[in-house]
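The primary structure of each chain is shown beneath.
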Amino acid sequence: ELSTIPQEVLDIAEGIRSMRIRGAGKIARSAAEALRIAAEKYQGEREPSVFRRYMAKVADTLIETRPTAVSLPNAVMYVMQAVFQQTSDFDELKKGVIDAANRFIEDSLNAVKRIAEFGSKRIRENSVILTHCHSTAAVSVITEAYRQGRVVKVYSTETRPFYQGRITTRQLLENGVPVVQIPDSAVRYIMHEVDQVVIGADTITSNGAVVNKIGTSQVALAAHEARVRVFVAAETYKFSPMTVIGELVPIEFRDPTEVVPQEWLEKHKNVRVLNPSFDVTPPEYVDAIITEVGVIPPQAAIMILTERLGWAIDKIKQAGL
Ligand code: RUB
C-alpha cells in the first residue's frame, strides 16, 4: 500500500493539465517543485524501495498531464535520477531528491537569464520584433534588448484559441516595452514591418525542428518569405532525448470548446472541430536557437542533446523506450 499523493502535488498536476500553469519552462519548474513537495510530505515507511515506488507514481501523475513539452519529462527524469541513486539510507535519499529538485529550479531560472543576455545581443538597433504565444524565454530576450535600447516596437499575436498572446502583451507592457497586439491572421500582413521574430519552444528534436504553439510554423513561413530572421529562445531541457531514438513528438489536441462555445457545438452536431495545440517548424525556417550554453544553428541540436542530455539518452536507451 503506497502512501497517498499529497493534495498540493495533485493540485500542481491539475494546474498543468488545465493550463493554469503553462509554458514549457514553468511547467518543468512546477513539476520539479511537485516532486520536492512529494518527497518532503512523504508519510510512508522509511524504506528506500517503498519511497521509490511512491515517487515513481508521483512522476507518472505529473508526466501524464500534458504530452508535448519535453521540458516536463526532462525535469521529472532529472529529479528521478536522485530517487534512484544508490543508497540504503532513507534520509540521505530524501535529501538528495529535494536537493535535485531545488537545483533544477535554480538552474532553470539562471538559464532564462543567460538566454536573455545572449539573445539580446542578436537584436539589431531599432528593431521591430514579432513574437507568438507566451514564452518566458522570448519575453526575457525582448525585454533585455529593450533595456539596451534596441527595440522600438513589438507585435504580439493574440494566439488563438487560448489567447496566451494577451499574457505576453501584458508582461511586455509591465516591462515598459511598446507592444501592439495583432490577430494571428495579421502576421503576413505585418511581416514587412518586422525585423526579427523571437519565439520560445516546447520541444526541439534531434534534427533541429522546433515544436511550439500552434501557428508558429505559419509565422516562420511568413518570416522566411519576407527574409526576416527567426530566433528561438530555449533552455537546453527543451531538447528531446526521445527523438534521438526516433520517437516523434506527440502533438496535444485540446478540447474543441477552446475554439467554439459549447452551445455552438450543440447546435451544429455534425460539425467536427479540431484544436491542435502545437506545430512543427522545420530547421530550415529557424536562424538560430538561443540556449543558456550558447547560440547555435538548429542543425547543432544533436550536440546539445549529447552534451547536456547524454545521461537521459542513455537512460531511455537502457529502458528500451
Ligand atoms: C506555450 C508555448 C511557449 C513555450 C515556451 O504553450 O508554446 O511558446 O512553452 O515557453 P502552452 P517558455 O501555453 O500551451 O503551455 O519560454 O515560457 O518555456
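Quick notes on the rules
Residues numbered from 1 in each chain as written. Predicted model: local features only at pLDDT ≥ 70, side-chain atom pairs only at ≥ 80, totals over all residues. Heavy atoms only, no water. Pairing = 2+ DSSP bridges. Helix = DSSP H or I, 4+ residues; strand = E, 2+ residues; numbered from the N terminus. Axes fitted to C-alpha atoms, helices over the stretch in contact; angles between N-to-C directions. Contact = heavy atoms within 4.5 Å. Core = buried A, V, L, I, M, F, W, Y, C linked by side-chain atoms within 4.5 Å. Buried < 20%, exposed > 50% of the residue type's maximum accessible area, 1.4 Å probe, protein only. Polar contact = N/O pair within 3.5 Å; in protein donor to acceptor, adjacent residues only side chain to side chain. Near = heavy atom within 4 Å. Areas by Shrake-Rupley, 256 points an atom, 1.4 Å probe, with all protein chains shown as cover. Nonpolar A, V, L, I, M, F, W, Y, C, P; charged D, E, K, R; others polar. Domains from an automatic or database assignment. Salt bridge = Lys/Arg side-chain N within 4 Å of Asp/Glu carboxyl O.

Student: For this particular structure, what's the right way to read the sheet that holds strand β4 (residues 196–199)?
Tutor: If you walk across this open sheet you meet the seven strands as β3-β2-β1-β4-β7-β9-β10, and the pairing is mixed. Two strands lie at the open edges of the sheet, namely β3 (179–182) and β10 (294–296), each paired on one side alone. Put simply, the sheet's adjacent strands are angled 25° from each other on average, direction ignored. Relative to strand β9 (residues 288–291), strand β7 (residues 229–233) runs parallel, the two sharing three bridges. Looking at the pairing, V232 lines up with I289 of β9. Where helix α5 (residues 90–120) meets the sheet, its contacts fall on β7, β9 and β10, and the angle it forms with β9 comes to roughly 140°.

Student: Looking at this structure, how should I read the nonpolar core?
Tutor: Side chains of a nonpolar character, in soluble globular proteins, are inclined to be buried together. Of all hydrophobic cores here, the largest spans 39 residues; its most connected members are L35, F51, M55, V58, L62, V76 and V97. It is helix α2 (residues 24–40) that provides the largest number of residues to this core, a total of nine residues. Residues within four places of V97 in sequence aside, it is in contact with A39, F51, M55, V79, A82, V83 and Q85. Formed by 34 residues, the second largest nonpolar core is a distinct cluster that contains L130, V228, V286 and I313.

Student: I'm lost on the sheet that holds strand β5 (residues 203–204) in this one. Help?
Tutor: Adjacent strands of a sheet pair through backbone hydrogen bonds, lying either parallel or antiparallel. Spatial ordering of the open sheet is given by β5-β6-β8, a layout of three strands whose pairing is antiparallel. On the outer flanks of this sheet lie β5 and β8 (278–281), each paired with one strand and no other. Here two bridges tie β5 to strand β6 (residues 210–213), and the two strands are oriented antiparallel to one another. Directly across from T203, in β6, lies its bridge partner V211. Helix α9 (residues 216–225) contacts β6 and β8 of the sheet and is inclined by roughly 35° relative to β8.

Student: Would you mind going over the side chain of N74 with me for this structure?
Tutor: Summarising the element assignment, N74 is placed in helix α4 (residues 71–83). Within polar-contact distance, the side chain of N74 engages the backbone oxygen of Y237 at 2.9 Å. At 3.0 Å, the side chain of N74 forms a polar contact with the backbone oxygen of F239. For N74, the contacting residues outside a window of four places in its chain are Y237, F239, P241, L309 and W311.

Student: What's the story with unusual backbone geometry in this structure? I'm lost.
Tutor: Across the chain, the bulk of peptide bonds are trans and the bulk of non-glycine residues have phi less than zero. The peptide bond linking R160 to P161 adopts the cis configuration, its omega dihedral lying at 0°. When you line up the elements, P161 lands in the loop between β2 (151–157) and α7 (164–174). Although it is not a glycine, N126 sits at a positive phi angle of roughly 55°. In this fold, N126 is placed in the loop between α5 and β1 (127–131). According to the relative accessible area criterion, N126 is exposed, its value standing at 54%.

Student: Would you take a moment to explain the site of the ligand for this structure?
Tutor: Close to the ligand lie 18 residues, the nearest being R22, G25, S135, N212 and K213. Between the ligand and the protein, one listed contact pairs an oxygen atom with a backbone N or O atom of T136 at 2.7 Å. With respect to the ligand, the backbone of A137 contributes an N or O atom lying 3.1 Å from an oxygen atom. For the ligand, whose unbound accessible area comes to 460 Å², protein coverage reaches 100%. Secondary-structure elements contributing two or more residues to the shell around the ligand are α2, α6 (136–147) and β6. Grouping the amino acids of the shell around the ligand by side-chain chemistry returns six nonpolar, seven polar and five charged. Formed jointly, the shell around the ligand draws a minimum of three residues from each of two domains, domain 1 (7–114) and domain 2 (118–307).

Student: I'm lost on the pattern of salt bridges in this one. Help?
Tutor: Side chains bearing opposite charge may pair, as long as their charged atoms lie close to each other. Enumeration over the complete set of coordinates arrives at 17 salt bridges. Across the pair E14 and R17 runs a salt bridge, and its minimum N-O distance is 3.0 Å. Of this pair, E14 and R17 both sit in helix α1 (residues 7–17), separated by three residues, roughly a single helical turn. Among the ionic pairs, E235 bridges to K238, the shortest N-O distance being 2.5 Å. The exposure classification of E235 matches that of K238, with both residues buried. Through salt bridges that share partners, R66, E252, R254 and E258 make up one connected network.

Remember, this is a structural readout, not a statement about activity or role.
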